[in-house]
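# Working through the structure, step by step
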Amino acid sequence: MPSEQSPSRALRVAAAQATPVAGDVGANAAAVAAMVRRAAGRGARVVVFPEKFLSGYEPGLIAADPERCAVQVGDARLDGVREACRDGGVVGIVGAAVHDGGALYVSALVIDAQGRDAGRYDKQTLFAAERDVYRHGEAGCTVEVDGWRLGLGICYDSGFPEHARAAALDGCHAYVVGALFGVGNGYHESRMWFPARAFDNTMYSVLANHVGRTGGWNTCGGSGVWGPDGRLVAEAGAEEAEIVLADLDPVVLKDVRERHTMLRDLRDTTAGGRTRCVL
């Protein structure tokens, strides 16, 4: 069951969208650092970036040359991002392909407000085309900032209700996702999944998506934030690099959870087994 602990003050989050340079971790890290600084200047405490932004989506490039195109543990190419987070007092959640122990992962790197590498979430639900390149993540990840518990997800994770529910059951107040949604069905999917994940769990949901073309995909932007009642709070456009900001409000969170008591009323429905009817 979820924790009853609630945040006491608002948390300003930013979802950053841009077009990465294919396979160029250094150039993309510089873009991340610049956007972190811009978001910090607008009062953000957390900035989330799209899936695998540090390399671009680019599975072929990454698999062919992981030393160059993927991020290594402690990678010095991210020093500018660490410095920007430290200078702005910002927590960065940065999408990356990570090369670790001879395996590749689709990851969200957590850099804290002191500029330290503070954690990593590896995508648990790989898309079909990713399974030949990447290894599945083995555990969820919760990040706490100013009393807010943020459950991390990456793209296809968000299509599975149980992924966000696991975060909610860990006491999370928001579900934070870097993704790649494409032109066509992707916008529709994101506008179904993120309000649903928010309302089902009475928590905020945050999406950072790409714009432009990466890894053979034409992406659809539309990074956004949804409230714990599933209503859209803020949304970016479809084509331009942009930072969209929203304040996660503890008063709104408490009010919605008092009116919609799904989490409070949740019980273990598997404890008693199931009745089978054969007709």
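Residues numbered from 1 in each chain as written. Predicted model: local features only at pLDDT ≥ 70, side-chain atom pairs only at ≥ 80, totals over all residues. Heavy atoms only, no water.

## A closer look at the packing of aromatic side chains
Selection criterion: For Phe, Tyr and Trp, where Trp contributes only its six-membered ring, two rings pair if their centres lie within 6.5 Å, and the inter-plane angle classes them as stacked under 30 degrees, edge-to-face over 60, or tilted in between. Helix and strand definitions follow DSSP, with helices as H or I runs of at least four residues and strands as E runs of at least two, each counted in order from the N terminus. For every residue, the accessible area obtained with a 1.4 Å probe (protein chains only) is divided by the maximum for its type, and the residue is called buried under 20%, exposed over 50%, and partly exposed between those limits. Charge-over-ring placement is defined geometrically: NZ (Lys) or CZ (Arg) within 6 Å of the ring centre, and within 35 degrees of the ring normal.
By the definition in use, this model includes eight aromatic pairs. Arranged with centres 5.8 Å apart and planes meeting at 65 degrees, the rings of Phe-181 and Trp-193 form a pair that is edge-to-face. Taken together, the positions of Phe-181 in the loop between β9 (174-178) and α6 (185-201) and Trp-193 in helix α6 put the pair 12 residues apart, joining distant regions of the chain. Residue Trp-193 is classed as buried on the basis of its relative accessible area, which comes to 16%. For the pair Phe-181 and Phe-194, a centre-to-centre distance of 6.2 Å together with 80 degrees between the ring planes defines the contact as edge-to-face. In this pair, Phe-181 sits in the loop between β9 and α6 while Phe-194 sits in helix α6, placing the two residues 13 residues apart along the sequence. For Phe-194, a relative accessible area of 0% gives the class buried. Put simply, the rings of Phe-127, Tyr-156, Phe-160, Phe-181, Trp-193, Phe-194 and Trp-226 touch in pairs and so form one group of aromatic residues. A cation over a ring is seen here: Arg-120 above Tyr-105, with NZ or CZ 5.1 Å from the ring centre.

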